[in-house]
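One-letter residues, chain by chain:
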Amino acid sequence: MKVQSIMSGLKKKHPGEKEYLQAVQEVLETIEDVYNQHPEFEQAKIVERLVEPDRIFKFRVTWVDDKKRVQNNIGYRVQFNSALGPYKGGLRFHPAVNESMLKFLGFEQIFKNSLTNLPLGGAKGGADFDPTGKSDAEIMRFCQAFMYELWRNIGADLDSPAGDVGVGGREIGYLYGAYKKLAREHSTGALTGKSYGWGGSLIRPEATGFGAMYYVERMVKQNKDKMEGKKIALSGFGNVAWGAATKAVELGAKVVAISGPDGVCEIKNGITKEMIDYMLEMRASNRNKVEDMAVKFPKDAKFTAKAKSWSVKCDIACPSAFQNEMSEEDANMLMKNGVKYVAEISNMGCQPGAIAAFQAKGIPFAPGKAVNAGGVATSGLEICQNAGHINWTAEEVDAKLHKIMNDIFDMCVEYGKEKGGKINYVKGANIAGFMRVAKAMMAQGII
Ligand code: GLU
């Protein structure tokens, strides 16, 4: 495999699909050496097959808003690779959603799901629908209209979507209600992130954030350091940041920043339990403003409009909102302020220049596909419970999640060790994730 020639071919075939091309390039560059040690991969054209989705569904979603106006959106499901199991990955509702974004996310999902060691293929979907300012009834009608199209293409053994940006427990409830009516069966494994009591798993809402902090804890320990007292800057204030803040505080760290599209809230003395609880209310309000935190807790949180979390002094920086949210400039500012570790919780949260800057200065950097894999892993555990008609306790789920994250960390170390003992977590995650998929594709023949 020659990365340059594969990339130039892809650029011609998919012009302008920037995020997708960025994600593919990062993976290919890190697996190139290992790949070339396996001539059988080259012969079976594993990489050429892996970079193209199995199929993409693209559909019109028409619904009526509260003012009785007809609205049109575009919906998608990218079924990328099913070598390891039924397609699995979230649904994103955000105005910037397009095919390139979902292809990048679906591609990343293949490797992330592989790292969990569970039988999960890779997929992603969503719509260019903007939940900001929408009423509950509008959200419900949109979810129903979206499912009119999607329902035939999902199922417990086919493709099991979940939440992502803009899709939480409420949306999954509405989507599942519509799915059940259209499919005429109560097949809980067809969607994950359901509420507890009708097929959902305990700990699923917290899982991405909890898993991320389990990973970060190992990274810190690997460097003979400890979590207690560490200042953590998170971005966003959604479900992921909420779970991460909860676990970070439990591990003795201090969350000193959260953010939103409107700016950043600096929390000098560290986030409190009341503030973490309030994050849920802020998200449910659909206002999408982090300033609300400073209005509610004026003594503890200081809001700065337009600024990002990366301007706040911290020991550990965790992008947890959106792709490419951290630039090289942000990375340099963080390093100037003494950042010691960086772990992406959002998928591809850092721009390539930011990652290169951290790696050049020897700052341990871990990629989203490893750090945030606890979410989809717990979705896998939800499917297991659905299939067995059982409910595990929160402790049982948490223990399994913790073990999966420990195993992912160990794999990243094993495959990411470089000369001189330094660990390249990006390389480790990509190679470990790739090898499992490649072996399955080889075993399943040319198809
Ligand atoms: N959207 C989450 C992710 O990217 C969760 C996916 C899932 O649970 O299927 O991993």
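Cut-off values and rules
- Residues numbered from 1 in each chain as written.
- Predicted model: local features only at pLDDT ≥ 70, side-chain atom pairs only at ≥ 80, totals over all residues.
- Heavy atoms only, no water.
- Helix = DSSP H or I, 4+ residues; strand = E, 2+ residues; numbered from the N terminus.
- Contact = heavy atoms within 4.5 Å.
- Near = heavy atom within 4 Å.
- Polar contact = N/O pair within 3.5 Å; in protein donor to acceptor, adjacent residues only side chain to side chain.
- Pairing = 2+ DSSP bridges.
- Axes fitted to C-alpha atoms, helices over the stretch in contact; angles between N-to-C directions.
- Expected span 1.5 Å × (residues − 1).
- Phe/Tyr/Trp six-rings, centres within 6.5 Å; stacked < 30°, edge-to-face > 60°.
- Buried < 20%, exposed > 50% of the residue type's maximum accessible area, 1.4 Å probe, protein only.
- Salt bridge = Lys/Arg side-chain N within 4 Å of Asp/Glu carboxyl O.
- Right-handed = clockwise from strand over helix to strand, strands pointing away.

Asks: Pulling in residues and values, what's your account of the environment of Asp225?
Replies: Mapped onto the secondary structure, Asp225 falls in the loop between α8 (204-222) and β6 (231-234). The spatial distance from the C-alpha of Asp225 to the C-alpha of Ala399 is 23 Å, given a sequence separation of 174 residues. Setting aside residues no more than four positions away along its own chain, Asp225 makes contact with Val220, Lys230, Lys340 and Tyr341.

Asks: I'd like a rundown of the site of the ligand, residues and numbers included.
Replies: Taken together, 14 residues are adjacent to the ligand, and Lys88, Lys124, Gly163, Asp164 and Ser379 come closest. With respect to the ligand, the side chain of Lys112 contributes an N or O atom lying 2.9 Å from an oxygen atom. A distance of 2.6 Å separates an oxygen atom of the ligand from a polar atom in the side chain of Ser379. Mapped onto the shell around the ligand, the elements with two or more residues apiece are β3 (87-93), α5 (99-115) and α15 (373-388).

Asks: Just give me the short version of the sheet that holds strand β4 (residues 122-127), but keep the residues and values in it.
Replies: Each strand in a sheet pairs with another by means of backbone hydrogen bonds, the pair being arranged parallel or else antiparallel. Spatially, the five strands line up as an open sheet ordered β1-β2-β4-β3-β5, and their pairing is mixed. Looking at strand neighbours, the two that pair on one side only are β1 (55-64) and β5 (159-162), the edges of this open sheet. Along the sheet, successive strands turn relative to each other by an average axial angle of 20 degrees, direction set aside. Judged from the ten bridges that link them, β1 and strand β2 (residues 70-81) form a sheet pairing that is antiparallel. Along β2, the bridge assignment pairs Ile56 with Val78.

Asks: Outline helix α17 (residues 425-443), supporting the account with residue identities and numerical values.
Replies: End to end, α17 covers 28 Å across 19 residues, agreeing with the expected 27 Å (1.5 Å per residue, within 8%). Its side-chain oxygen 3.1 Å from the backbone nitrogen of Val426, Asn424 forms the N-cap of α17. Positive phi appears at Gly445, one or two residues downstream of α17, with a value of about 80 degrees.

Asks: Tell me what's going on with the side chain of Thr378, and back it up with residues and numbers.
Replies: Along the polypeptide, Thr378 turns up in helix α15. In this view, Thr378 contacts Ser201, Ile203, Arg204, Ala207, Val397 and Leu401; residues no more than four positions away in its chain are not counted.

Asks: Outline the packing of aromatic side chains, listing residues and values.
Replies: Using the criterion set out here, one finds 20 aromatic pairs in the structure. Seen from their ring centres, Tyr35 and Phe434 are 5.8 Å apart, and the 50 degrees between their planes marks the pair as tilted. Note that Tyr35 is positioned in helix α2 (residues 18-36) and Phe434 in helix α17, a separation of 399 residues in sequence. This pair shows no difference in class: Tyr35 is buried, exactly as Phe434 is. With a centroid separation of 6.1 Å and 35 degrees between ring planes, the pair formed by Phe142 and Phe146 is classed as tilted. With a gap of four residues between them, Phe142 and Phe146 both fall in helix α6 (residues 136-150), about one helical turn apart. The buried category is assigned to Phe146, whose relative accessible area is 0%.

Asks: Give a detailed account of the sheet that holds strand β8 (residues 263-266), specifying residues and quantitative values.
Replies: Taken together, seven strands build an open sheet; the order of strands is β9-β8-β7-β6-β10-β11-β12 and the sheet is mixed. Only two strands of the sheet have a single partner each, and these edge strands are β9 (302-305) and β12 (365-366). By the bridge criterion, four bridges tie β8 to β9 in an arrangement that is antiparallel. Among the inter-strand pairings, Cys265 is bridged to a residue of β9, identified as Phe303.

Asks: Explain the pattern of salt bridges to me, and be specific about the residues and the numbers.
Replies: Oppositely charged side chains are able to pair whenever their charged atoms sit close together. All told, the structure shown has 22 salt bridges when counted by the stated rule. The salt bridge involving Asp410 is made with Arg218; its shortest N-O contact spans 2.8 Å. Here Asp410 is found in helix α16 (residues 394-416), whereas its partner Arg218 is found in helix α8, with 192 residues between them in sequence. On the basis of relative accessibility, which here comes to 23%, the residue Arg218 falls in the partly exposed class. Bridged by salt links that share partners, the residues Glu26, Glu108 and Lys369 form one connected network.

Asks: Could you give an account of the pairing of β3, with specific residues and numbers?
Replies: Counting buried residues in β3 gives seven out of seven residues, a clear majority hidden from the surface. Sheet analysis places β3 next to β5, joined by four bridges and oriented parallel. Bridging from a neighbouring strand, Lys88 pairs with Ser160 of β5. Running through α5, the crossover from β3 to the neighbouring parallel element β4 is right-handed.

Coordinates in, geometry out; function isn't part of it.
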